[in-house]
Amino acid sequence: MSIVADQVRRLDAQIDRISLVPLTSLGHDGVEEQGSDGHQSAVTATALSSPRVTELLKIVRSLSSSSTSGARLQSARIQRLILRSGLADHKESSDQLEAKSQTESDIEWLLVGKATVQTYGILLDTLLDQIIPLSDDIWYWDEVLGSYPYSFMYTAQTSPLRMWAWSKDIYQESLVRFQRLNQRLASTESSEARSLGSETSDTEAASPDARSLLPKRASLSSQWRQFYSIVRESIAERSIIDIRRRILSPVDICRSQARAKQARLRKLREMTSTGLGILMDEGLNFGVTDEADTTHEWRGVLERSVALMDMILQNTLALDVGVPEFEDKVFAGVEEDPEFSIHADDVNTIEKPSILARRILAILESGLPGHVESMSSIARENGRPSRIIRYWIPAVALLVSSSTILRILVNRQDDIMNWIRDLGTTTRDFWFNWVVSPIRQIIGTIRHDSSSEIAIMSRDSLKADRDSLERMVVDFATDKPSISVGASSITDAQIAEIRFKVREGDVTPVLKAYERDMKQPFVGAIKGDLVRSLLIQVQKTKVDLEVAISGIDALLKSQELVFGFLGLTPGILVSIGVFQYLRTIFGSRKGLRRGQRARRSVRVLRKIDRILSEATPSQNNVISYKDHGMLVCEVHILRTLVRGVLPGEIEKEFVEDLDELATLQGIQVQMRALDRIRWAYAEWLSRIKS
């Protein structure tokens, strides 16, 4: 809900509380006894049972904020409800005013108060909606003036408009000169015709066709030559008169025009912000009391607020005056308003609701639409150029090169189709090989699927080589018991011991034979067991290598899930990057994403800080109307940005702090509220940005 909706709901509740006929005390057909006097209760019951009062109560309920479920009424519906009430139809006679009961008058005041609150909300929303686009246009002119290439681009974009305006001025000036010349020639010819009236006999003897045809041809050619010479003279004179174009370059002239438009937009924003600040501070300021003796006071507030809205609509677009003059003019106009109570003592109090209803109706029918139309005209005249002006250069370039582009597309049609086909194949293979297949392997690893196990050697390779080594050593020990056990024969127990030691990696019998034969290598190689011992040691080396590899294999199997995720990571990262890129290109440009909204929220907080830092407080330690209007506008933008970004409870607290920031309670209180927003919600905003 926006800041305007909260303000309207708060004011509507105040009117219900301080009015003489609260909505909570009157049912649709119910009656409330007012006092202990029976006669008074009977009069009240009779008044409330009349069809007129019943109809007014229905209209009051329709104008209440509670009946709209938080949505604000539209201008057309408020007009229909006011017309339906009959208050603005015609001026009532004195007999009708005397016959009107006090209860009916109170309900009419309540109806007018509800309509005033709704109109007040519409006007606030209108001013807010007008201020926000002005900031965007001012930023556009800042961009144009901040860079000379941008200024040159703006000059090129607006060159057709300047050429058209220049040609139009030349044509109009030449046309005016040509008409003056024809008038002088016509007067001269008429005088000569009167002086030569006696010589018409020869002209009558001539052929009628020759008389009518030849002078017209001569006149047409001479008129064209005269007009052409006048155009050339107008161009030459304008070139001489317009010294500015001869001194400054077209880019400098456009920069000067952009600077003037920006200044006008800044002034328009200041005036609109001042009007918004005046409405927020002075409009419908009922106070906090709800005692019965404040009846005339709150009705006077209604009259003053209606006059205030009318004066703001009339003077907001007066850009030739300063902000202080605008404020003085608005308040002076309210005080001098002829329909205000202090200037209309002769008006019956019962008739005042009709006067206010007619005035509200006039604001909704003519004042507000006229203000919106004039504001749009000024903003359109001084704002950024239209899309046609900004993009006609690339559009023309695209149109001129369209034939070349089409010819290239036709000639390279087969290549383009192959590129598209290859791109599709590459994308499909990447998806299945680098995303789908690793995911399947990870799932198989989690399920302990044997086909998905990582291995760098066969499962039974080490066992076969170890058994072979064991047989080799046992056979060697059996053939050479003197070397192995130092005896002529070997027992089964000794063979079993040798088998156990071989499993542990001990091949001592072979090493003893190897050491003996190494003393005489040639004899050992020919007659001894050197070659056999070497081959057994080669098998031992092979077994040791396989043992090391099996250890690495076991390590890989223990980290198989980790390696599966590492293989999946590149495909996932590439897929996410492509998805984000496509989402940025083809996503909706109207709605801001959460990160962008958070970053813009930080920028709005910076603007609020600048407004409060540069504001000059008054003697009451409150900021000016202009600064308050700018502050309300930024708070409105900030509330719109954080909607749906923060969690529910955090967003509610954030809105409470924003309301305290936008309320005039002293600049120190507002600065403390801004500091609290910074440190209390910095974590959420930074988390959203990241």
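Predicted model only: the values in this text are computed from it and were never measured.

## Overview of the overall build of the chain
Part 1 of the reasoning: Scanning the chain for helices and strands turns up 28 helices and 0 strands.
Part 2 of the reasoning: For the chain, restricting intrachain contacts to residue pairs at least 6 apart in sequence, the fraction spanning at least 24 positions comes to 78%.
Part 3 of the reasoning: Surface accessibility of the chain: about 40600 Å² in total, with carbon and sulfur atoms responsible for 57%.

## A look at the pattern of salt bridges
Part 1 of the reasoning: Counting across every chain of the model gives 24 salt bridges.
Part 2 of the reasoning: Between Arg412 and Asp415 there is a salt bridge, with its nearest N and O atoms 2.8 Å apart.
Part 3 of the reasoning: Judged by its relative accessible area of 38%, Arg412 falls in the partly exposed class.
Part 4 of the reasoning: Using a relative accessible area of 29% as the deciding quantity, one classes Asp415 as partly exposed.
Part 5 of the reasoning: Between Arg639 and Asp659 there is a salt bridge, and its shortest N-O distance comes to 3.2 Å. Of this pair, Arg639 sits in helix H26 (residues 625-642) while Asp659 is found in helix H27 (residues 648-662), placing the two residues 20 residues apart along the sequence.
Part 6 of the reasoning: Where salt bridges share partners, they join Asp6, Arg639 and Asp659 into one cluster.

## A short note on the layout of surface pockets
Part 1 of the reasoning: In this structure, the largest pocket encloses a volume near 1200 Å³.
Part 2 of the reasoning: In this structure, the largest pocket is lined by 29 residues; those nearest its centre are Ser135, Trp139, Arg269, Lys607 and Glu634.
Part 3 of the reasoning: Elements with a contribution of two residues or more to the lining of the largest pocket: helix H6 (102-146), helix H11 (250-282), helix H25 (594-614) and H26.
Part 4 of the reasoning: Looking at side-chain class alone, the lining of the largest pocket contains 10 nonpolar, 4 polar and 15 charged residues.
Part 5 of the reasoning: In this structure, the second largest pocket is lined by 20 residues; those nearest its centre are Gln7, Arg10, Met280, Asn285 and Thr663.
Part 6 of the reasoning: Of all the elements in the fold, those that place two or more residues in the lining of the second largest pocket are helix H1 (3-18), H11, H26 and H27.
Part 7 of the reasoning: When residues of the lining of the second largest pocket are assigned to their parent elements, the largest contribution, 5 residues, is made by H1.
Part 8 of the reasoning: Of the residues that constitute the lining of the second largest pocket, the class distribution is 9 nonpolar, 7 polar and 4 charged.

## Focus on the nonpolar core
Part 1 of the reasoning: Counting 104 residues, the largest nonpolar core has Leu279, Phe286, Ile608 and Leu661 as its most contacted members.
Part 2 of the reasoning: The dominant element in this core, judged by the number of residues it contributes, is H6, at 20 residues.
Part 3 of the reasoning: Membership of the second largest hydrophobic core comes to 16 residues, among which are Leu462, Val474, Ile483 and Val543.

## Things to note about the UniProt feature "transmembrane region" (unreviewed entry) in the chain
Part 1 of the reasoning: When the UniProt feature table is mapped onto this chain numbering, "transmembrane region" (unreviewed entry) sits at residues 391-410 and 561-582.
Part 2 of the reasoning: Helix makes up 95% of residues 391-410 and strand makes up 0%, while its end C-alpha atoms are separated by 27 Å.
Part 3 of the reasoning: For residues 561-582, helix accounts for 100% and strand for 0%, while the C-alpha atoms at its two ends are 31 Å apart.

## Details of the packing of helix H4 (residues 75-85) against helix H14 (residues 352-382)
Part 1 of the reasoning: The geometry of H4 relative to H14 is characterised by a closest axis approach of 10 Å and an angle of 150 degrees between their N-to-C directions. Classified by the angle their axes make, H4 and H14 are roughly antiparallel. For the crossing formed where H4 meets H14, the hand is left-handed. Contacts from Ser75, Ile78, Gln79, Ile82 and Leu83 of H4 reach H14 at Ala357, Ile360, Leu361, Leu364 and Glu365.

## Focus: the packing of aromatic side chains
Part 1 of the reasoning: Under the defined criterion, the tally for this structure stands at 4 aromatic pairs.
Part 2 of the reasoning: Taking 5.3 Å as the distance between ring centres and 90 degrees as the angle between the ring planes, the aromatic pair formed by Trp141 and Tyr154 counts as edge-to-face. Separated by 13 residues along the polypeptide, Trp141 in helix H6 and Tyr154 in helix H7 (residues 148-195) bring together distant segments of the chain.
Part 3 of the reasoning: With a relative accessible area of 0%, Trp141 lands in the buried category.
Part 4 of the reasoning: Here the aromatic cluster, defined as three or more aromatic residues joined through ring pairs, consists of Tyr140, Trp141 and Tyr154.

Analysis parameters
- Residues numbered from 1 in each chain as written.
- Predicted model: local features only at pLDDT ≥ 70, side-chain atom pairs only at ≥ 80, totals over all residues.
- Heavy atoms only, no water.
- Helix = DSSP H or I, 4+ residues; strand = E, 2+ residues; numbered from the N terminus.
- Contact = heavy atoms within 4.5 Å.
- Areas by Shrake-Rupley, 256 points an atom, 1.4 Å probe, with all protein chains shown as cover.
- Salt bridge = Lys/Arg side-chain N within 4 Å of Asp/Glu carboxyl O.
- Buried < 20%, exposed > 50% of the residue type's maximum accessible area, 1.4 Å probe, protein only.
- 1 Å grid on protein atoms, 1.4 Å probe; cavity = no way out; pocket = protein on both sides within 12 Å on 5 of 7 lines; lining within 4 Å.
- Points joined across faces, edges and corners; volume = space filled by probe spheres on them.
- Nonpolar A, V, L, I, M, F, W, Y, C, P; charged D, E, K, R; others polar.
- Core = buried A, V, L, I, M, F, W, Y, C linked by side-chain atoms within 4.5 Å.
- UniProt positions renumbered as here; feature names shortened; annotations may be inferred.
- Axes fitted to C-alpha atoms, helices over the stretch in contact; angles between N-to-C directions.
- Parallel < 35°, antiparallel > 145°, perpendicular 65-115°, else oblique.
- Left-handed = near helix turned anticlockwise from the far one by under 90°.
- Phe/Tyr/Trp six-rings, centres within 6.5 Å; stacked < 30°, edge-to-face > 60°.

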